[in-house]
Amino acid sequence: MSSVSTRKVRLKTSIASAILAALCSANVYAEEALSEKKTKKIEKITVVGATTNSEITPTELENYQANDLGDIFRHTPSVTIGGSLGIAQKIFVRGMEDSMVNVTVDGAPQTSTLFHHIGRVAIEPELLRSVQVQAGAGEATSGTGAVGGAIRFKTKNADDMLANGEQFGGMIKANYFSNDGHKESVSLYGKVTDSIGVLASYVNVSRNNMDDGDGEELYGTASDQELGFIKISADLTDNQDLTLSYEIRKEEGEFGKQTNWAPLKGDPLFESWGERETLVLNHAWYLNSLVNLETTLYQTESSFKRELFTWDASIQTTGFDIRNTSDIGDHSITYGVEQKVDKVHSSSYEEFGGVFDEKGTVTGVYAQDHWQISDELILSFGARYDAYELDHDGIEANWIKVEGKWVVETDANGKPVTSIDSFSTDKQDGFSGNIGFEYSFTDSLKLSAGYAQALRGRQVADAFTVGELSHNENLSAEDVENTELGLIYNDGTWLFEASAYLSVINGVVFDKFKGREGVFYENIGDLETNGIELVAGYQAGDFDVIVSYNHNNVELNNAPFVWPDANDPSGYSTVVLDGVDMSAYEFGGLGNSAADSFNINFNYDLSEQIKLGMSYNHVASLNDIDVFYRSMELEWVTQLETINKPGYDVVDAYITYEPLNNLRFDLSIQNLLDESYISHGSVADYGSITGYENVVGIKERGRDIRLSVSYKF
């Protein structure tokens, strides 16, 4: 589905239509490869039978002066962001956490989790050329482990920044946020030769503690961020190009013990440091209709260090994706091979507390065919094979209690007493397929339907709990089945989209904390998401408006829980439940329930120099959510409790003014009405339950007036 903040060009050709057009013109596309290389290079997500895709453009991000993930996806109905603190933000696509989504930056996956109380995706909106969202499992080309869909961030290059006829240029930009901070950036770009372009950017962000809609200070939300980025683009020949990019992003601040919870006034804060480095090489060779070869090589290293527990962890991901597209008659066939290797390292950076490493390797082979059966009908079908392998090595310290404090046991020579814990999982592999169609009743009215499978084996562990793992020899790979149905009408003025979906992850894997047994990866049931999305849009001249409605339900079925039972001789009994609501506190890494949402977004070009817009987002209440299923297993509580997620209404507005081609002023107001609320993507408020007063997600920021000025030279 088109993003709620769709601009008028996108209203005329919505994402679903753009994808269809790309598929239907596969042969023409190949013939124009040489003359339209820049168009060809833009990666498009083509999903079996989906009308729920969305794309976010730089214009949308600039208009609302996006700062973090919450701003990037603020107007995308299928996506919910948890937390207002950047380092702790998590992405939920149709209620499923981003750990189940294949997230890439220029083709480089952002994988695994450094710490379950922080997010795993960090990106600077200033750099983005586009953001593409595939909701739900899709085609074979979606990547490894895409059981919940895919999000692809694409960064800018020199050509995106240079005006026609320019060889060199630059841009300086300054932002002020009333709630509460500032941001500065400088970019230099140009053509070193006619065929080689370079873009270099530096971004600095400094934030103080924010205030919520009630004017209360959000303690522990101040942070500083720095980013450096360089990208070299080269046209090697008339039909061959190469890009090499390097990005380093740092963030530090003093945060609460559980980073995504709201610390109480007076609670201790702990210095924390996060960093990500990504190196990506992309090569494309458009030779003819049979050879359209794209190669991606990448390495990403992320780290997170905390003053608390003097804990340090890192994840290194390296890999490649090589794919070719051949247009043969009425068929456009994409096929390839990819491999990704994740290495997790965790240790203490002061006193020895153990050293733990995990290495996970996944190799995939795939093929996808788009068959233009007739002018009205296109059939898409494909398959992929994935194989997962994992090795775990740990040197564990022996902890003992001395005078009420846990310390590492030492021998007579003062050296730590340790034990070695190593294991390897059996290879988890299998095939997954997909099939779908799109039928055009007229040029404006189209029907699509599809069925897709995906498979995911054991991933490398949370770097914080990797030292507490117990090996489960009976663990099975997850497999997902996703079914979608969509109808779209788009005549260039009016737009209507309706879609419904049902996705089930069979045998979903959860890193389950089991008290003294440590962390135990288990298949805990079937995770189901189902819902509908509705969109209506209208464009007249310089005005466009989009209205959307999103309903999603995410729950766990066929889920066994071992609860205390005084009537059973063993003292315990197993209950198997359906309809278990997802909550971020209990089921972190899986999903989070959110209520229905209703969005209105409009944009108006007052003149060539002045543009303005406003958006309204209503999220309904979600009440009587049962919680503590796992806490009862651990005997922390004796009964289930219920929590509520209150609804909220958020209004945003912007106006841009470009008096000159190289000078732009932006004014945007986030949360215009100063609403006080916790996002449904955050940890909910458990504060009314005795003993859980500190389990409360961080509120969203209150009214934030953002001013920016940018100058190109």
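Procedures and definitions
- Residues numbered from 1 in each chain as written.
- Predicted model: local features only at pLDDT ≥ 70, side-chain atom pairs only at ≥ 80, totals over all residues.
- Heavy atoms only, no water.
- Helix = DSSP H or I, 4+ residues; strand = E, 2+ residues; numbered from the N terminus.
- Rg over C-alpha atoms; globule rule 2.2 N^0.38 Å.
- Buried < 20%, exposed > 50% of the residue type's maximum accessible area, 1.4 Å probe, protein only.
- Contact = heavy atoms within 4.5 Å.
- Lys, Arg positive; Asp, Glu negative; His and termini not counted.
- Charge placed at Lys NZ, Arg CZ, Asp CG, Glu CD.
- Phe/Tyr/Trp six-rings, centres within 6.5 Å; stacked < 30°, edge-to-face > 60°.
- Lys NZ or Arg CZ within 6 Å of the ring centre and 35° of its normal.
- Pairing = 2+ DSSP bridges.
- Patch = residues over 30% accessible without salt bridge, like charges linked within 9 Å, V, L, I, M, F, W, Y side chains within 5 Å.
- Areas by Shrake-Rupley, 256 points an atom, 1.4 Å probe, with all protein chains shown as cover.
- Salt bridge = Lys/Arg side-chain N within 4 Å of Asp/Glu carboxyl O.
- Core = buried A, V, L, I, M, F, W, Y, C linked by side-chain atoms within 4.5 Å.
- Polar contact = N/O pair within 3.5 Å; in protein donor to acceptor, adjacent residues only side chain to side chain.

Caption draft 1: Seen up close, the overall build of the protein. The helix and strand inventory of the protein stands at eight helices and 41 strands. Taken against the 2.2 N^0.38 rule, which gives 27 Å for 713 residues, the C-alpha radius of gyration of the protein at 25 Å falls within 12% of a compact globule. Principal axes of the C-alpha set define a box for the protein whose edges measure 75 × 55 × 50 Å. For the protein, with 713 residues in total, the buried portion stands at 55%. Restricting to contacts in the protein with at least 6 residues of sequence separation, those with at least 24 account for 66%. Across the protein, the 53 positively charged side chains and the 109 negatively charged ones have centroids separated by 5 Å.

Caption draft 2: Structural context of the packing of aromatic side chains. Under the counting rule described, the total for this entry stands at 21 aromatic pairs. On the basis of an interplanar angle of 70° and a centroid distance of 5.0 Å, the ring pair of Tyr-64 and Tyr-654 is categorised as edge-to-face. Separated by 590 residues along the polypeptide, Tyr-64 in the loop between α5 (58-63) and α6 (69-72) and Tyr-654 in strand β39 (residues 648-660) bring together distant segments of the chain. Each member of the pair, Tyr-64 as well as Tyr-654, is classed as buried. Members of the aromatic cluster, joined through ring pairs, are Trp-261, Tyr-585, Phe-628, Tyr-686 and Tyr-692. It is Arg-94 that lies over the ring of Tyr-501; its NZ or CZ is 3.7 Å from the centre. Here the basic side chain of Lys-305 rests over the ring of Trp-273, its NZ or CZ set 5.3 Å away from the ring centre.

Caption draft 3: Layout of the sheet that holds strand β1 (residues 54-56). If you trace the five strands from one edge of the open sheet to the other, you get β1-β7-β8-β5-β6, paired in mixed fashion. Looking at which strands have only one partner, the edges of the open sheet turn out to be β1 and β6 (108-109). Inspection of the sheet shows β1 paired to strand β7 (residues 128-135) by three bridges, in the antiparallel sense. Residue pairing in the sheet places Ser-54 in a bridge with Val-133 of β7.

Caption draft 4: Spotlight on a nonpolar patch on the surface. On the surface, Ile-172, Val-186, Leu-188, Tyr-202, Tyr-711 and Phe-713 cluster together into a nonpolar patch covering about 540 Å² of accessible area. If you trace the backbone, Phe-713 turns up in the segment after β41 (704-712). The partly exposed category is assigned to Phe-713, whose relative accessible area is 46%.

Caption draft 5: Representation of unusual backbone geometry. Note that the residue after Asn-179, namely Asp-180, is joined by a cis bond; omega there is 0°. Tracing the chain through its elements places Asp-180 in the loop between β9 (168-177) and β10 (181-191). Non-glycine residue Asp-106 carries a positive phi angle of around 55°. Turning to its location among the elements, Asp-106 is positioned in the loop between β5 (102-105) and β6. By relative accessible area, Asp-106 is classed as buried at 4%. With a phi close to 60°, Asp-674 is a non-glycine residue in the positive phi region. With respect to the secondary-structure elements, Asp-674 resides in the loop between β40 (663-670) and β41.

Caption draft 6: Representation of the sheet that holds strand β2 (residues 79-82) within the structure. Here we have three strands laid out as an open sheet, ordered β2-β3-β4, and antiparallel in their pairing. Two strands bound the open sheet, and with one partner strand each, they are β2 and β4 (96-97). The pairing of strand β3 (residues 90-93) with β4 spans two bridges and is antiparallel. In the strand pairing of β4, Val-93 is matched with Met-96.

Caption draft 7: Representation of a negative patch on the surface. Together, Glu-389, Asp-391, Asp-393 and Asp-429 give the surface a local cluster of negative charge. Examined against the element boundaries, Asp-393 turns out to sit in strand β19 (residues 377-397).

Caption draft 8: Molecular detail of the nonpolar core. With 35 residues, the main nonpolar core has Leu-527, Leu-556, Phe-587 and Tyr-686 as its most contacted residues. A total of three residues in this core trace back to one element, the largest contributor, which is strand β32 (residues 559-564). Excluding anything up to four places from it in sequence, Leu-527 contacts Met-96, Met-100, Ser-503, Val-504, Ile-505, Val-508, Val-554, Glu-555, Leu-556, Met-582 and Leu-590. With 21 residues, the next largest nonpolar core counts Leu-69, Val-105, Val-131 and Phe-153 among its residues.

Caption draft 9: Region of the structure containing the pattern of salt bridges. This model, assessed by the stated rule, comprises 29 salt bridges. Between Asp-674 and Arg-703 there is a salt bridge; the shortest N-O distance is 3.9 Å. Separated by 29 residues along the polypeptide, Asp-674 in the loop between β40 and β41 and Arg-703 in the loop between β40 and β41 bring together distant segments of the chain. On the basis of relative accessible area, Asp-674 is assigned to the partly exposed category, the value being 24%.

Caption draft 10: Expanded view of the environment of Val-460. As for its placement among the helices and strands, Val-460 is situated in the loop between β24 (445-456) and β25 (469-470). A relative accessible area of 7% places Val-460 in the buried class.

Caption draft 11: Up close: the side chain of Arg-706. With respect to the secondary-structure elements, Arg-706 resides in strand β41. Note on Arg-706: relative accessible area 0%, which makes it buried. Polar side-chain contacts of Arg-706 include one of 2.9 Å to the side chain of Asp-704.

Caption draft 12: Here's a closer look at the pairing of strand β8 (residues 149-155). Burial analysis of β8 places seven of its seven residues in the buried class, which makes it a mostly covered element. Burial along β8 is two-sided: Gly-149, Ile-151, Phe-153 and Thr-155 and Ala-150, Arg-152 and Lys-154, pointing in opposite directions, are all buried. As paired strands, β5 and β8 are joined by four bridges and run parallel to one another. Bridge pairing links Val-105 to Phe-153 in β8. Relative to β8, β7 runs antiparallel, the two being bridged by seven bridges. The partner of Gln-134 across the bridge, within β8, is Ala-150.

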